[in-house]
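Chain residues, written in single-letter form:
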Amino acid sequence: MKIVVQTGQQARQNTQGGMQTTGQGVSLSDRDLLQLALNECKHKANSLNTYALEASNDSLRRDYLTVLGDVHSQQTQIFNLMQQKGYYNVKNANPQDISQAKAKFSNQNQ
């Protein structure tokens, strides 16, 4: 899948990001599109969280929280798809690092 964004620039190839610029516009790769969608979900979630925290009306707050839940679901779907395609690799923490983090934060709570 490719989307063309009109720019009017001359033809050239950008080999780093998978983006190709032609006289017709910019063609984005699947990876680029998914990354844009993931970033947009993160931005929406951030904004909706602020709106929900600052809502003075309970009904409005519930609506914001409902939409925030939907955005979180969309973000999870995009993230999972990116992982399946190998675009977003997450390294698992080793048990020693987890133990150190637990110890650090349990000492701060006391």
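Below: a short report on this structure. Given the structure is predicted, the values throughout are model-derived calculations rather than measurements.

## Some details on the packing of aromatic side chains
Then comes step 1: Here the structure, examined in full by the defined rule, presents two aromatic pairs.
Then comes step 2: Centroid distance Tyr51 to Tyr64: 5.5 Å. Interplanar angle 45°. Geometry classified as tilted. Residue Tyr51 is located in helix α1 (residues 30–54), and its partner Tyr64 is located in helix α2 (residues 58–84); the two are separated by 13 residues in the primary sequence.
Then comes step 3: Taking the centre distance of 4.9 Å and the plane angle of 70° together, the rings of Phe79 and Tyr88 count as edge-to-face.

## With respect to the side chain of Asp32
Then comes step 1: Along the chain, the position of Asp32 falls in helix α1.
Then comes step 2: An unpaired buried charge is present at Asp32: no salt bridge exists, and Arg31, the closest side chain of opposite charge, is 6.1 Å distant.
Then comes step 3: In this structure the side chain of Asp32 is engaged in a polar contact, spanning 3.1 Å, whose partner is the side chain of Ser29.

## Some thoughts on the packing of α1 against α2
In helix packing, the relevant descriptors are the interaxial angle and the interaxial distance, both defined with respect to the helix axes.
Then comes step 1: Here α1 crosses α2 at 160°, and the two axes come no closer than 9 Å. Between α1 and α2, the angle falls in the class roughly antiparallel. With respect to the hand of their crossing, α1 and α2 are arranged in left-handed fashion.
Then comes step 2: Each residue belonging to the contact of α1 with α2 can be placed in one class, and the counts come to 17 nonpolar, five polar and two charged.

## Section: α2
Because the α-helix completes a turn every 3.6 residues, residues three or four places apart line up on one side.
Then comes step 1: With 27 residues, α2 extends 39 Å from end C-alpha to end C-alpha; this agrees with the ideal 39 Å at 1.5 Å per step.
Then comes step 2: Of the positions making up α2, those classed as buried are Leu68, Val71, Ile78 and Met82.
Then comes step 3: The secondary structure elements touched by the buried residues of α2 are α1.
Then comes step 4: A side-chain oxygen of the first residue of α2 lies 2.8 Å from the backbone nitrogen of Ser59; this N-cap is Asn57.
Then comes step 5: Positive phi shows up at Gly86, right after α2, with a value of about 80°.

## Focus: the pattern of salt bridges
Charged atoms that come close allow side chains of opposite charge to pair.
Then comes step 1: Across all of its chains, the model carries one salt bridge by this definition.
Then comes step 2: Of the charged contacts in the structure, one is a salt bridge between Asp58 and Arg61, with a shortest N-O distance of 2.8 Å. With Asp58 and Arg61 both in helix α2 and three residues apart, this pair spans about one turn of that helix.

## Considering the environment of Ala52
Then comes step 1: Along the chain, Ala52 turns up in helix α1.
Then comes step 2: Residue classification places Ala52 among the buried positions, given a relative accessible area of 5%.
Then comes step 3: Measuring from C-alpha to C-alpha, the distance between Ala52 and Val67 comes to 9.9 Å, with 15 residues separating the pair along the chain.
Then comes step 4: Beyond its immediate stretch of four places on either side in the chain, Ala52 contacts Arg61, Tyr64 and Leu65.

Rules and cut-offs
Residues numbered from 1 in each chain as written. Predicted model: local features only at pLDDT ≥ 70, side-chain atom pairs only at ≥ 80, totals over all residues. Heavy atoms only, no water. Phe/Tyr/Trp six-rings, centres within 6.5 Å; stacked < 30°, edge-to-face > 60°. Helix = DSSP H or I, 4+ residues; strand = E, 2+ residues; numbered from the N terminus. Buried < 20%, exposed > 50% of the residue type's maximum accessible area, 1.4 Å probe, protein only. Lys, Arg positive; Asp, Glu negative; His and termini not counted. Salt bridge = Lys/Arg side-chain N within 4 Å of Asp/Glu carboxyl O. Polar contact = N/O pair within 3.5 Å; in protein donor to acceptor, adjacent residues only side chain to side chain. Axes fitted to C-alpha atoms, helices over the stretch in contact; angles between N-to-C directions. Parallel < 35°, antiparallel > 145°, perpendicular 65-115°, else oblique. Left-handed = near helix turned anticlockwise from the far one by under 90°. Nonpolar A, V, L, I, M, F, W, Y, C, P; charged D, E, K, R; others polar. Expected span 1.5 Å × (residues − 1). Contact = heavy atoms within 4.5 Å.

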